[in-house]
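Descriptive analysis of the structure
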Amino acid sequence: MKHLELHIIQSVPVACLNRDDLNSPKTAVFGGVQRARVSSQSWKRAIREMAKEIAAEEKSDLFSGDRTRRMVYTLSTRLAEKGITSQAAIAIAEQVADVVETLDSKVDSEGYKKIKTVMFFSKAEYDAIAEAIATSDEVKNSVEALEKAAVEGNDREREKALKAMVKILEKGAISKTIKSAQLKDAADIALFGRMVANDPSLKVDGASMFAHILSTHKADNEIDFFAAVDDLNKDESGAGMTSTLEFNSATYYRFAALNLDALANDDHLGDITLKDGTVVRSVETRKQVVKTFLKAIIQSIPSARKTTMNGNTLPVYVLGVVREKGHPIQLINAFETPVRRSEKGFVTESINRMNIEYADLKETWGVDSLFAKAVVKGSLKEQIKANQGSIETCSQDDLINGMVAHVI
Amino acid sequence: MSSDKSFLALRLEGPLQSWGFDSQYNRRNTGLMPTKSAIAGMCCAALGFLRGCDKEQEFLVAFGAVRMTAIAIPRNGAKKELPVRRLQDYHTVQNTRRASGAINNDCVLTHRQYLTDAAFGVLLEGDSTLLKQIAAALENPVWGVWLGRKTCIPTAPVLAGLRENRDEALKLLLKDKPLESFARQEDVESFADGRDSLPDMPVSFATERRIFSPRRVRTLQGTDRP
């Protein structure tokens, strides 16, 4: 598998990025020593949100997948745009929604029925379903029958037309339409995956891979005792309330990988050219997606407790690697023996060890790369020079563009 | 020993691993040894088989005849061997369903277990052609390879090597230490030879219809290493 990997060192001060059921920051034992931990699911969500933000800034609709229960509203609006009268459009949308999911008895504020669970569909998927329905002769006939029955007020005919519609919009047909759809803007689905319990054929295995994030050093959770002052209390001198919060500070090793072969296959973001020669999706689309994805991985951070313990930092070191074959391998073993506190802090030692681990992988197992460059916080360049090995340093843009150039 | 038999050595190293064999839904536990279903799944992913496809069916039938031995290889810390522990991850999921099919508006709590500081070697012995196919696939897999759960990314290539001789294959994993000194779990040929049955022999990985059959195993404690 041709794939790319990001290996990131990042220091986060007093924070509680990801907590367990007791409100303590998550931890794990590694190398026999307790580490601070942020679960992969937690940081992934931050990356998804950030990717959407970046795409919106760049006026790109590549990351516009939305999880919503308002499928009937969304689909019927699109059908109406295709010239189907709104009453028939709603009836069709309800049928489709009922096939993909279960319809809820509740309606939204505008009177549209909702599906029972949130579904992750992209704009292009909705368009494709609408297009397939609007252009199908069978559906057209059934819509005509439906409209006729509505005009005549004949409920029995209406029921009959609806039943015919259900047959046309069977499960297999709907999912086939979605699969053959021009999923131009389903980048987030392709990258992170989708689970549909009702119809496994709609399931997408995400092309990206993430590991739980661990601190490179021993980390203990600390307790913040706090007292809140009652501003209006003039009688007593004590605190209005007292309590405790748990937090920690850590230098983390973060890992992410992306299977470039999988991204380019038909289940993900493979090439699509229409019969008339219009290119809907190509390698250029994938490059744009990967660019946004990489940027989001580098810049995102879970927002938990951001108003009281803002842990919003940027990485100090980002190593980007592209490999022609093999499977993604993380460099966390560089820190199995925990980094010790020193005058230089944790960061310099962590970067040095990671660079050595990278070189070791190649020497021991012959794990080779097509591309390896690193972004380093300016003031650290001199300190880590000795252990840089073959890794060249560059700017964030150069790193991302360099990696994107290998997207197939 | 017939010449059409080979020995494939796999190395399972990574800070977190999870080898579930008895749990679904809210509590996803891990066993203490890699499961045959996880290894079979890893091979299918490496080969690029779609879930539940015909090729997968054929492969799983053939894989059933492959004899697996999982070996716990302790990791060395700075001063002594590292103890393997279980980590319980607290994981919340929104928008799930109730048994009745109704949407659940409450956040569901799930617990996922991982092994920390564990490392394993796996020896597969069986038909040469099949193992050669697996080895080639693991060297350059079609899809990702992970240690029981997608977030458990390995820290070294999983493929250690394919050998014609059992001892040579074991040597790739254990260096010069005897197999007897390690805790291990192996497939047995007859029911009476085994001590335990695990429901982890995959029959199908089809998403809507995952089926496993029992696998008879024997777990052996390691003698003190020299």
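Every value quoted in this text rests on a predicted model; they were computed, and no experiment measured them.

Basis of the calculations
- Residues numbered from 1 in each chain as written.
- Chains lettered and ligands numbered in written order.
- Predicted model: local features only at pLDDT ≥ 70, side-chain atom pairs only at ≥ 80, totals over all residues.
- Heavy atoms only, no water.
- Helix = DSSP H or I, 4+ residues; strand = E, 2+ residues; numbered from the N terminus.
- Rg over C-alpha atoms; globule rule 2.2 N^0.38 Å.
- Buried < 20%, exposed > 50% of the residue type's maximum accessible area, 1.4 Å probe, protein only.
- Contact = heavy atoms within 4.5 Å.
- Areas by Shrake-Rupley, 256 points an atom, 1.4 Å probe, with all protein chains shown as cover.
- Lys, Arg positive; Asp, Glu negative; His and termini not counted.
- Charge placed at Lys NZ, Arg CZ, Asp CG, Glu CD.
- Phe/Tyr/Trp six-rings, centres within 6.5 Å; stacked < 30°, edge-to-face > 60°.
- Lys NZ or Arg CZ within 6 Å of the ring centre and 35° of its normal.
- Axes fitted to C-alpha atoms, helices over the stretch in contact; angles between N-to-C directions.
- Parallel < 35°, antiparallel > 145°, perpendicular 65-115°, else oblique.
- Left-handed = near helix turned anticlockwise from the far one by under 90°.
- Nonpolar A, V, L, I, M, F, W, Y, C, P; charged D, E, K, R; others polar.
- Buried area = accessible area lost by both parts, 1.4 Å probe.
- Salt bridge = Lys/Arg side-chain N within 4 Å of Asp/Glu carboxyl O.
- Polar contact = N/O pair within 3.5 Å; in protein donor to acceptor, adjacent residues only side chain to side chain.
- Pairing = 2+ DSSP bridges.
- Domains from an automatic or database assignment.

Focus on the overall build of chain B
- Scanning chain B from terminus to terminus reveals 4 helices and 13 strands.
- For chain B, the C-alpha radius of gyration of 18 Å lies close to 17 Å, the compact-globule estimate for 226 residues.
- For the C-alpha atoms alone, the extent of chain B along its principal axes is close to 60 × 50 × 40 Å.
- Of all 226 residues assigned to chain B, the portion counted as buried reaches 50%.
- Sequence separation of at least 24 residues holds for 74% of the intrachain contacts in chain B that already meet a minimum separation of 6.
- Summed over its atoms, the accessible surface of chain B is roughly 11000 Å², and 48% of this surface lies on carbon and sulfur atoms.
- Here chain B holds 32 positive side-chain charges and 26 negative ones, and the gap between their average locations is 7 Å.

Looking at unusual backbone geometry
- In this structure, Arg-305 of chain A takes a positive phi of about 55° despite not being glycine.
- Position of Arg-305 of chain A among the secondary structure elements: in the loop between helix H10 (283-299) and strand E14 (317-323).

Description of the packing of aromatic side chains
All names here are of chain A.
- If you walk through the whole model with that rule in mind, you get 8 aromatic pairs over all chains.
- Ring geometry for Phe-192 and Phe-210: centres 6.2 Å apart, planes at 10°, overall stacked. Of this pair, Phe-192 sits in helix H8 (residues 187-192) while Phe-210 sits in strand E8 (residues 208-210), placing them 18 residues apart in sequence. In terms of burial, Phe-192 and Phe-210 fall into one category: buried.
- When the centroid spacing of 5.9 Å and the interplanar angle of 75° are considered together, the rings of Phe-192 and Phe-293 count as edge-to-face. With Phe-192 in helix H8 and Phe-293 in helix H10, this residue pair connects regions lying 101 residues apart in the sequence.
- By relative accessible area, Phe-192 is classed as buried at 13%.
- Taking relative accessible area as the criterion, Phe-293 reaches 1% and is therefore assigned buried.
- When the ring centre of Phe-192 is taken as origin, the NZ or CZ atom of Arg-48, which lies over that ring, is 5.8 Å away.

Some words on the packing of helix H1 (residues 36-47) of chain B against helix H2 (residues 54-64) of chain B
All names here are of chain B.
- Contact geometry for H1 and H2: axes closest at 11 Å, N-to-C directions at 140°. One element, H1, and the other, H2, form an angle in the oblique class. Handedness of the H1/H2 crossing: right-handed. Contacts between H1 and H2 involve Lys-36, Ile-39, Ala-40, Cys-43, Cys-44 and Leu-47 on the former and, on the latter, Glu-56, Phe-59, Leu-60, Phe-63 and Gly-64.

With respect to the packing of H10 of chain A against helix H13 (residues 396-404) of chain A
All names here are of chain A.
- Two elements in contact, H10 and H13, have axes separated by 10 Å at closest approach and are oriented at 140°. Relative to H13, H10 is oriented oblique. For the crossing formed where H10 meets H13, the hand is right-handed. For the pair formed by H10 and H13, the contact residues are Lys-287, Val-290, Lys-291, Leu-294, Lys-295, Ile-298 and Gln-299 on the first element and Gln-396, Leu-399, Ile-400, Asn-401, Met-403 and Val-404 on the second.
- Across the contact of H10 with H13, the residue classes break down as 7 nonpolar, 3 polar and 3 charged.

With respect to the interface of chain A and chain B
- Opposite the 51 residues of chain A that make contact, chain B presents 44 residues.
- Buried area between chain A and chain B, summed over both chains or domains, comes out near 3600 Å², and the portion from carbon and sulfur atoms is 54%.
- In this assembly, chain A and chain B are joined by 4 salt bridges.
- When the shortest N-O distance is used, the salt bridge between Arg-75 of chain B and Glu-336 of chain A registers 2.5 Å.
- The interface formed by chain A and chain B includes 23 residue pairs in polar contact (both at pLDDT 80 or more).

Considering the sheet that holds strand E1 (residues 5-13) of chain B
All names here are of chain B.
- If you walk across this open sheet you meet the 7 strands as E10-E1-E9-E4-E11-E13-E12, and the pairing is antiparallel. In this open sheet, the two strands that pair with only one neighbour each are strand E10 (159-163) and strand E12 (196-204). With direction set aside, neighbouring strand axes in the sheet form an average angle of 25°.
- In this structure, E1 lies alongside strand E9 (residues 119-127), joined through 9 bridges in antiparallel fashion. Directly across from Arg-11, in E9, lies its bridge partner Gly-121.
- Contacts from H2 reach E9 and E12 within the one sheet, and its direction differs from that of E12 by about 150°.

Some words on the domain arrangement of chain A
- In terms of domain boundaries, chain A breaks down into domain 1 (3-63 + 206-219 + 249-405) and domain 2 (66-184).
- On a C-alpha basis, the centroid separation for the pair domain 1 of chain A and domain 2 of chain A is 41 Å.

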